[in-house]
Amino acid sequence: MKNIKFPTAQTILLIIAALVTLLTWLIPAGKYDTLVYNTDSNNFTQASSEKSINLPATQETLNALSIKIPLEKFTGGDIYKAINIPNTYKKLEARPQGIFEFIKSPVKGIIESAEIIFLVLIIGGLIGIINSTGAFDAGISWLTDKLKGYEFILIILVTLLISIGGTTFGLAEETMAFFPILIPVFLAAKYDALVGVACIFIGSSIGTMCSTVNPFSTMIASDAAGISWTTGLIGRIIMLSACLLISIGYILRYAKRVKNDPTKSIIYDQKDEIMALFGKAETESVQFTTRLRISLFVFAACFIIMIAGVSMYGWYLQEMSATFLVGAILIGIVSKIKESTFVDTFVKGAGDLLGVALIIGIARGITVIMDDGMISDTMLYYASDVTNGMNKGVFASAMTGIYAVLSFFIPSSSGMAVLTMPIMSPLADGVGVGREIVVNAYQYGMGLFYLINPTGLILASLAIVKVGYDKWLKFIMPLFITLVVFTLLVMTLSVYL
């Protein structure tokens, strides 16, 4: 049995894709009508499986469709995607996906994920360039020396700062850039790679789970539920603080154990492999010259500019990719790297993350199968039926669990919000609780399952450091169970306060 290895991330995703393909034969196809606002013509378009009709953009139109959302949320651009219309679900002719569709799904997924895949590849190229200059090794040596005896501060700072990004502007995909950069720092501090992965991934997960002003989840979900995003804000801030304390305490406990005895590391058997991958930065002493300092400054500036662009100017993947590409070129110029050497180094760095890019594409392919098989709306329809007749305490917890399950099929937070909120939020009225309870359930349910969701970013994140999904599950499960119990308790009590 010891010779049997846990499958790679790519294989896990292909197995899931095969199972989802089978589900399209078992779950009835169905669809809700959708409504989208057209800015050019200032009207609504209601689309069904049979036809599309234009409707006047008025509050009366929304009321007639049982959509309890103020008109200005559409005209002001807060809701710019098509939303599902309540009470319009129809069963359709089955569209089971076959072997050919299963085989094509990774290709379709890669095409649909092209922007994030290019971001990952360009980040790989940038990292290859900065590593070739020696600037990163010099910076790690300097930072390790400054933190000597206080390495635990690194865990607190990284987790806290990334969670702030998560709760404010939805820092998630962007964290892919941080793994190759920060893992060597954690290794130099005598921790294992799992500590670095945990700080980055859990920080992002808790931040987005307890989003406060995140326009891609809190705001769009609240708008789609017909309430102000400030409703329930204090509770989410308290939840964010509590979950961060639990998570940071858990990571610190594990990190201390590994630091005191490296054999206690869950990935101890991979120590040599990981050290070879990221370099033995802690044993090197590199002269931190002015040229290296400038290169490192340009490198850091790329991330600062990226964060500012995303949070303040609405940048997304194309702008982020361009920022990292320009950063790589500037570092090449500062470091006087020959043009041919620059291209070879950049391509090799991008190639190092090609496996990660493919994982992202294959994961997206699973969603493609569900969309083509038209089973996502069916799952939503039956999920909304589950809560009928529940008391409000059970309702809050059940809704959290429902959103956790749905996030496997709809991993996009903004997609989940616009598709489900018009259907789910009115259910709160029927059991006598505020609609912010459904918004919280959406955030907490998605956020909790995100920690282990194979159709999310965890497999791509683990692939960067060559850590298996089984080892991540072994590490995260005690924290995951603790957070689930805590969250369900909070959700149940919140409806009575």
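Quick summary incoming for the structure in this document.

Parameters and conventions
- Residues numbered from 1 in each chain as written.
- Predicted model: local features only at pLDDT ≥ 70, side-chain atom pairs only at ≥ 80, totals over all residues.
- Heavy atoms only, no water.
- Helix = DSSP H or I, 4+ residues; strand = E, 2+ residues; numbered from the N terminus.
- Contact = heavy atoms within 4.5 Å.
- Areas by Shrake-Rupley, 256 points an atom, 1.4 Å probe, with all protein chains shown as cover.
- Expected span 1.5 Å × (residues − 1).
- Buried < 20%, exposed > 50% of the residue type's maximum accessible area, 1.4 Å probe, protein only.
- Pairing = 2+ DSSP bridges.
- Disulfide = S-S within 2.5 Å.
- Core = buried A, V, L, I, M, F, W, Y, C linked by side-chain atoms within 4.5 Å.
- Phe/Tyr/Trp six-rings, centres within 6.5 Å; stacked < 30°, edge-to-face > 60°.
- Lys NZ or Arg CZ within 6 Å of the ring centre and 35° of its normal.

1. Description of the overall build of the protein chain
On a plain count of helices and strands, the protein chain comes out with 22 helices and six strands. Pairs at least 24 apart in sequence give 78% of the contacts found in the protein chain among residues at least 6 apart. Carbon and sulfur atoms make up 65% of the accessible area of the protein chain, which totals about 21800 Å².

2. Focus: helix H16 (residues 354-373)
When the terminal C-alpha atoms of H16 are compared, their 29 Å separation across 20 residues agrees well with the 28 Å that a helix rising 1.5 Å per residue should span. Within H16, 14 of the 20 residues are buried, which leaves it mostly tucked inside the rest of the structure. Of the residues trailing H16, Met374 is marked for its positive phi of about 55°.

3. Quick notes on the sheet that holds strand S5 (residues 83-84)
A sheet is described by the order of its strands in space; here four strands give the open sequence S4-S3-S2-S5, paired in antiparallel fashion. Every other strand in the sheet has two partners, leaving strand S4 (52-56) and S5 as the edge strands with one partner each. Relative to strand S3 (residues 43-47), strand S2 (residues 34-38) runs antiparallel, the two sharing five bridges. Pairing of Thr34 across the sheet is with Ala47, part of S3.

4. Quick notes on the state of the cysteines
Considering all chains together, one arrives at zero disulfides under this definition. The structure places no disulfide on Cys243, whose sulfur is separated from the nearest cysteine sulfur, that of Cys210, by 4.3 Å. Given a relative accessible area of 0%, Cys243 falls into the buried group.

5. Overview of the nonpolar core
Core analysis: the biggest nonpolar cluster contains 161 residues, and Ile202, Phe324, Met424, Trp472 and Phe475 have the highest contact counts within it. When residues of this core are assigned to their parent elements, the largest contribution, eleven residues, is made by helix H9 (residues 193-209). If we ignore the near neighbours within four places in the chain, the residues touching Ile202 are Val197, Ser247, Ile251, Leu451, Trp472, Phe475, Ile476 and Leu479.

6. Details of the packing of aromatic side chains
Throughout the structure, instances matching the rule amount to 13 aromatic pairs. Taking the centre distance of 5.8 Å and the plane angle of 90° together, the rings of Phe201 and Trp472 count as edge-to-face. On the criterion of sequence distance, the pair formed by Phe201 in helix H9 and Trp472 in helix H22 (residues 469-494) is long-range, its members being 271 residues apart. Accessibility classification places Phe201 together with Trp472 in one group, the buried group. A network of ring pairs unites the aromatic residues Phe201, Tyr250, Tyr254, Tyr450, Trp472 and Phe475 as a single cluster. A cation over a ring is seen here: Lys259 above Tyr191, with NZ or CZ 5.0 Å from the ring centre.

7. Things to note about the side chain of Arg435
Relative to the elements of secondary structure, Arg435 occurs in the loop between helix H19 (413-431) and helix H20 (436-450). Once you skip the residues sitting within four places of it in the chain, Arg435 turns out to touch Lys68, Ala225, Ile227, Ser425, Pro426, Ala428 and Asp429.

8. With respect to the pairing of S3
With four of five residues buried, S3 lies mostly within the body of the structure. Where S2 folds back onto S3 in an antiparallel hairpin, the turn is made up of four residues, including Asn42, whose phi is positive at roughly 50°. Two strands pair when backbone bridges link them, and S3 and S4 are joined in this way by five bridges, in the antiparallel orientation. Each bridged residue has a counterpart across the sheet, and for Phe44 the counterpart in S4 is Leu55. Counting the residues between successive antiparallel strands, the hairpin from S3 to S4 contains four residues.

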